[in-house]
Amino acid sequence: MTDLAAGYRRCAELTRQYGTTYYWGARLLPPAQRRDVFTVYALCRLADDIVDEPDRVDLAVPQGGTPRERLAAFRAMFFRALEAGSDEPVMAAIVDSIRRRGTDPECFERFFDAMASDLDRDAWSTWEELRDGYMEGSAAVIGEMMLPVLEPYSPEAKESARALGNAFQLTNFLRDVAEDLDRGRVYLPQEDLARHGADPWLRTVTPEWRVMMAEQVARARELYAQGQEGLALLPPASRRCVGTALVLYSRILDRIEAADYDVFSGRLRVPDAEKLAVMLRSVALGVPHVDFGRAGAAA
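Residues numbered from 1 in each chain as written. Predicted model: local features only at pLDDT ≥ 70, side-chain atom pairs only at ≥ 80, totals over all residues. Heavy atoms only, no water.

Engineer: Mind showing me how you'd approach the overall build of the protein chain here?
Structural biologist: The helix and strand inventory of the protein chain stands at 13 helices and zero strands. The helix and strand sequence of the protein chain, counted from the amino end, reads α-α-α-α-α-α-α-α-α-α-α-α-α. A compact globule built from 299 residues should have a C-alpha radius of gyration of about 19 Å, and the protein chain, at 19 Å, falls within 12% of that. Oriented by its inertia axes, the alpha-carbon framework of the protein chain measures out at about 60 × 50 × 35 Å. (Helix = DSSP H or I, 4+ residues; strand = E, 2+ residues; numbered from the N terminus. Rg over C-alpha atoms; globule rule 2.2 N^0.38 Å.)

Engineer: Just to check I follow, could you spell out helix α4 (residues 67–84) for this structure?
Structural biologist: Turn by turn, an α-helix covers 3.6 residues, leaving residues three or four places apart pointing in a common direction. Between its terminal C-alpha atoms α4 stretches 25 Å, which fits the 26 Å expected from 18 residues at 1.5 Å a residue. Looking only at α4, the buried set comprises R70, L71, F74, M77, F78, F79, A81 and L82. Positive phi shows up at G85, right after α4, with a value of about 85 degrees. (Expected span 1.5 Å × (residues − 1). Buried < 20%, exposed > 50% of the residue type's maximum accessible area, 1.4 Å probe, protein only.)

Engineer: What is the right way to read unusual backbone geometry from this model?
Structural biologist: A negative phi angle characterises most non-glycine residues, just as the trans form characterises most peptide bonds. One non-glycine residue, D260, adopts positive backbone phi at about 60 degrees. Topologically, D260 is positioned in the loop between α12 (236–258) and α13 (272–285). Phi is positive for Y261, which is not a glycine, with a value near 65 degrees. By secondary structure assignment, the location of Y261 is in the loop between α12 and α13. By relative accessible area, which is 13% here, Y261 ends up buried.

Engineer: Honestly, the packing of helix α11 (residues 207–228) against α12 in this entry has me stumped. Any pointers?
Structural biologist: To describe two helices that pack against each other, one gives the angle between their axes and the distance between the axes. The N-to-C vectors of α11 and α12 enclose an angle of 165 degrees; their axes lie 11 Å apart at closest approach. Put simply, α11 runs roughly antiparallel to α12. For the crossing formed where α11 meets α12, the hand is left-handed. Residues M213, V217, A220, R221, Y224, G227 and Q228 of α11 form the contact with α12, whose participating residues are L246, Y249, S250, L253, D254, I256 and E257. Looking at the contact of α11 with α12 residue by residue, the classes come out as eight nonpolar, three polar and three charged. (Axes fitted to C-alpha atoms, helices over the stretch in contact; angles between N-to-C directions. Parallel < 35°, antiparallel > 145°, perpendicular 65-115°, else oblique. Left-handed = near helix turned anticlockwise from the far one by under 90°. Contact = heavy atoms within 4.5 Å. Nonpolar A, V, L, I, M, F, W, Y, C, P; charged D, E, K, R; others polar.)

Engineer: Explanation requested: the environment of L202 in the structure shown.
Structural biologist: Among the structural elements, L202 can be located in the loop between α10 (190–196) and α11. With a relative accessible area of 51%, L202 lands in the exposed category. For L202 and F264, which are 62 residues apart along the polypeptide, the C-alpha to C-alpha distance reads 9.7 Å.

Engineer: Can you help me understand the environment of A245 in this one?
Structural biologist: If you trace the backbone, A245 turns up in helix α12. Here A245 falls in the buried class, since its relative accessible area comes to 10%. The sequence separation of A245 and F168 amounts to 77 residues, and the corresponding C-alpha distance is 9.1 Å. Those residues in contact with A245 that sit more than four places away from it in its chain are T21 and F168.

Engineer: What am I meant to see in the pattern of salt bridges here?
Structural biologist: Pairing between side chains becomes possible if they bear opposite charge and their charged atoms approach one another. Under the defined criterion, the tally for this structure stands at 37 salt bridges. With its nearest N and O atoms 2.9 Å apart, the salt bridge here joins E215 to R195. Of this pair, E215 sits in helix α11 while R195 sits in helix α10, and the two are 20 residues apart along the sequence. Of the residues examined, R195 reaches a relative accessible area of 48% and is grouped as partly exposed. A cluster of three or more residues bridged by salt bridges with shared partners is formed by E106, R110, E136, E144, E159 and R162. (Salt bridge = Lys/Arg side-chain N within 4 Å of Asp/Glu carboxyl O.)

Engineer: Got a minute to help me understand the packing of helix α7 (residues 127–150) against helix α8 (residues 157–175) in this structure?
Structural biologist: It is at 7 Å that the axes of α7 and α8 come closest, and there the two elements cross at 120 degrees. Judged by the inter-axis angle, α7 sits oblique to α8. In the packing of α7 onto α8, the handedness of the crossing is right-handed. Counted together, W127, L130, R131, Y134, M135, E136, S138, A139, A140, G143, E144 and L147 of α7 and A157, K158, A161, R162, G165, N166, Q169, L170 and F173 of α8 form the full contact between these two elements. Tallied by class, the residues present in the contact of α7 with α8 amount to 11 nonpolar, five polar and five charged.

Okay, here's the thing in structure tokens:
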């Protein structure tokens, strides 16, 4: 008999180890919702690691072969489990959660398509191409996957959830420029880089780099503003969870600015003490409203 409890525990461990902001935010949810957030994160992390960290071993992921072959095997393993169940504890927990929440399986088709595209492409021409051709399946769809877990009052919460998924990932792109360069990838739109004369491969903060990064930070804040609009459509616990993650992730942008857009010298992080303070404040006083401005950059 599959040990579902062990699978759920492993999903929580993966989230705590690699997705600290998600983990801290999810701690504000009741246990039943919390564990379902962890399963969504675990599925995405395991697939992403096949592409970005192929040497990392996890018993829940097929071993042997190229990243392309392993990703295809993991995708097939997931959809088989969705239909017939699984004896592997982590996969069993993931599909148990998805079935209970009624998440649309089509979301996972888009997700795996985006993961596969990372094996074929290392750059994106325009913001629209990056957003619609890649982030649709790697970011916006994550917001859609989370919605059944968050139990919104209205289906109108969908667009805000998608915007917030994009905001989180764009923030990651800006923070992780150096790591992505190490993998031979650039997730900043080539059109924007060329327009400002900014070259990430120099790994140097130049005047051109500052202007280009400031534009991207403004775009991310516009997405956070769109995501924040949907908080009112969530029940209190979900609002605290998502609002806390929103505040914490957006503070990475503050640190990028404080570092004069130097994302090459080290990974910029929000300290654990600050994460705890925001979480406690959300519990005691409610999620703070952040004024991101509405410049329209992310339209």
